[in-house]
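Listed below, chain by chain, are the residues.
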Amino acid sequence: MTLEGEYEPSPSDWVREQVERYEATGGREANTLQGKPEWPIVVITSKGAKSGKLRKNPVMRVEEDGVYAAVASKGGDPEHPTWYHNFMAHPEVDLQDGPEPHTYVVRVAEGAERAEWWERCVAQYAPYAEYQEKTDREIPVFLLERKD
């Protein structure tokens, strides 16, 4: 079962174009950040916190034993990315890692679990550590577990 509703493409050209290409090719193309093979992405569909419309974002692929992490870094900006609010308001999302999307339940990692996942995320994408240094907020790490 996947999310249903009206889809509103991102106003950001690169996000919209990457999502469209990823989905059109079942994840065979546009599946990395900035075209770098060491930075794979997944596409996450969330429901807008205010609008209720479906939003899609490419997010760094960090996965362990079928659980995915989504790091709400926004490049170290002092504010959370928009999708952070979507996750908090509607903690059920679709995640596409390859040809098929699946529904996941989202929760914020805390304490030792967050520390463990943060290390995993930084190992996958080193700039996260720099982003944390740039901001006073603790960058949230969401865990996404497949809904049966």
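The structure we're discussing is the one just above.
Trainee: Would you explain the overall build of the protein chain in this entry?
Mentor: When its secondary structure is counted, the protein chain shows four helices and seven strands. Put simply, the protein chain runs from its N terminus to its C terminus through helices and strands in the order α-β-β-β-β-α-β-β-α-α-β. When its C-alpha atoms are laid out on the principal axes, the protein chain stretches across 35 × 30 × 30 Å. In the protein chain, which comprises 148 residues, the share counted as buried stands at 43%. Of the contacts formed within the protein chain by residues at least 6 apart in sequence, a portion of 63% connects residues at least 24 apart. Here the protein chain displays about 8,100 Å² of accessible surface, and carbon together with sulfur accounts for 46% of that area.

Trainee: Sorry, what's going on with the packing of helix H3 (residues 111–124) against helix H4 (residues 127–134) here?
Mentor: The angle between the axes and the distance between the axes are what describe a pair of packed helices. At their nearest, the axes of H3 and H4 sit 7 Å apart, and the two run at 120° to each other. Relative to H4, the element H3 lies oblique. Contacts from Arg114, Trp118, Cys121 and Val122 in H3 reach Tyr128, Ala129 and Gln132 in H4. Residue composition of the contact of H3 with H4, grouped by class: five nonpolar, one polar and one charged.

Trainee: Help me understand helix H2 (residues 82–89), please; the structure alone is not making it clear to me.
Mentor: Given 3.6 residues per turn, any residue in an α-helix points the same way as the ones three and four places further on. Within H2, burial applies to Trp83, Tyr84, Asn86 and Phe87. Buried positions in H2, seen along its axis, are confined to an arc of 160° and lie on one side of it. For H2, the secondary structure elements touched by its buried residues are strand S1 (41–47), strand S2 (54–60), strand S4 (67–71), strand S5 (92–96), strand S6 (101–108) and strand S7 (141–146).

Trainee: Is there a simple way to explain the sheet that holds S2 in this structure?
Mentor: Whenever strands of a sheet pair, they do so through backbone hydrogen bonds, lying parallel or antiparallel. The strand order S2-S1-S5-S6-S7-S4-S3 describes an open sheet built from seven strands, whose pairing is antiparallel. The sheet is open, and its two edges are formed by S2 and strand S3 (62–64), each paired on a single side. Going from strand to strand, the sheet's axes swing by 35° on average, the running direction of each strand aside. Direction of pairing for S5 relative to S6: antiparallel, over a ladder of five bridges. Each residue of the ladder has a partner; that of glutamate 92, found in S6, is valine 105.

Trainee: What exactly am I supposed to notice about the environment of proline 81 here?
Mentor: Considering the arrangement of structural elements, one finds proline 81 in the loop between S4 and H2. The class for proline 81 is buried, based on a relative accessible area of 7%. The spatial distance from the C-alpha of proline 81 to the C-alpha of alanine 69 is 15 Å, given a sequence separation of twelve residues. With near-sequence residues (within four places) excluded, proline 81 lies in contact with Ala72, Lys74 and Arg137.

Trainee: Help me out: how do you make sense of the side chain of serine 46 in this one?
Mentor: Locating serine 46 in the fold gives a position in strand S1. By relative accessible area, which is 1% here, serine 46 ends up buried. Reaching out from serine 46, the side chain makes a polar contact with the side chain of asparagine 86 at a distance of 3.2 Å. Apart from residues no more than four positions distant in its own chain, serine 46 is found in contact with Leu3, Lys53, Leu54, Arg55, Trp83, Asn86, Phe87 and Val93.

Trainee: What exactly am I supposed to notice about the pattern of salt bridges here?
Mentor: Charged atoms that come close allow side chains of opposite charge to pair. Applying the stated rule across the entire model yields 15 salt bridges. Put simply, glutamate 8 and arginine 55 hold a salt bridge, and the shortest N to O gap is 3.5 Å. Placement of the pair is glutamate 8 in the segment before helix H1 (13–24) and arginine 55 in strand S2, with a sequence separation of 47 residues. Taking the shortest distance from any N to any O, the salt bridge between lysine 56 and glutamate 23 comes out at 2.7 Å. Of the two residues, lysine 56 sits in strand S2 while glutamate 23 sits in helix H1, which places them 33 residues apart along the sequence. Taking relative accessible area as the criterion, lysine 56 reaches 17% and is therefore assigned buried.

Rules used in this analysis
In this convention, every chain numbers its residues from 1, walking through the sequence in written order. Local features in this predicted model are restricted to residues of pLDDT 70 or higher, and side-chain atom pairs are both shown and tallied only at a pLDDT of 80 or more, whereas totals for entire chains, interfaces and linings draw on every residue. In computing side-chain values, all of the structure's heavy atoms are included and hydrogens and water are not. The way it works is that DSSP assigns letters per residue, a run of H or I at least four long becomes a helix, a run of E at least two long becomes a strand, and they are numbered from the N terminus. When accessible area is computed with a 1.4 Å probe and restricted to protein chains, residues below 20% of their type maximum are described as buried, those above 50% as exposed, and intermediate ones as partly exposed. A contact between two residues is defined here by any heavy atoms of the two lying within 4.5 Å. Reported accessibility uses the Shrake-Rupley method at a 1.4 Å probe radius. Residues are deemed covered only where the shown protein chains occlude them. Inter-axis angles, ranging from 0 to 180 degrees, are taken between N-to-C directions of lines fitted to C-alpha atoms, where helices are fitted over the stretch in contact. Roughly parallel covers angles under 35 degrees, roughly antiparallel covers those over 145, roughly perpendicular covers 65 to 115, and oblique covers all other angles. Amino acids are sorted into nonpolar (Ala, Val, Leu, Ile, Met, Phe, Trp, Tyr, Cys and Pro), charged (Asp, Glu, Lys and Arg) and polar (every other residue, Gly among them). An arc is given here, and it is the one of the directions from the helix axis to the C-beta atoms. When DSSP finds two or more bridges between two strands, those strands count as paired. Here a polar contact is taken to be a pair of N or O atoms separated by no more than 3.5 Å, where protein atoms must pair a possible hydrogen donor with a possible acceptor and residues adjacent in sequence count only if both atoms sit in side chains. Here, a salt bridge means any Lys or Arg side-chain nitrogen found within 4 Å of an Asp or Glu carboxyl oxygen.

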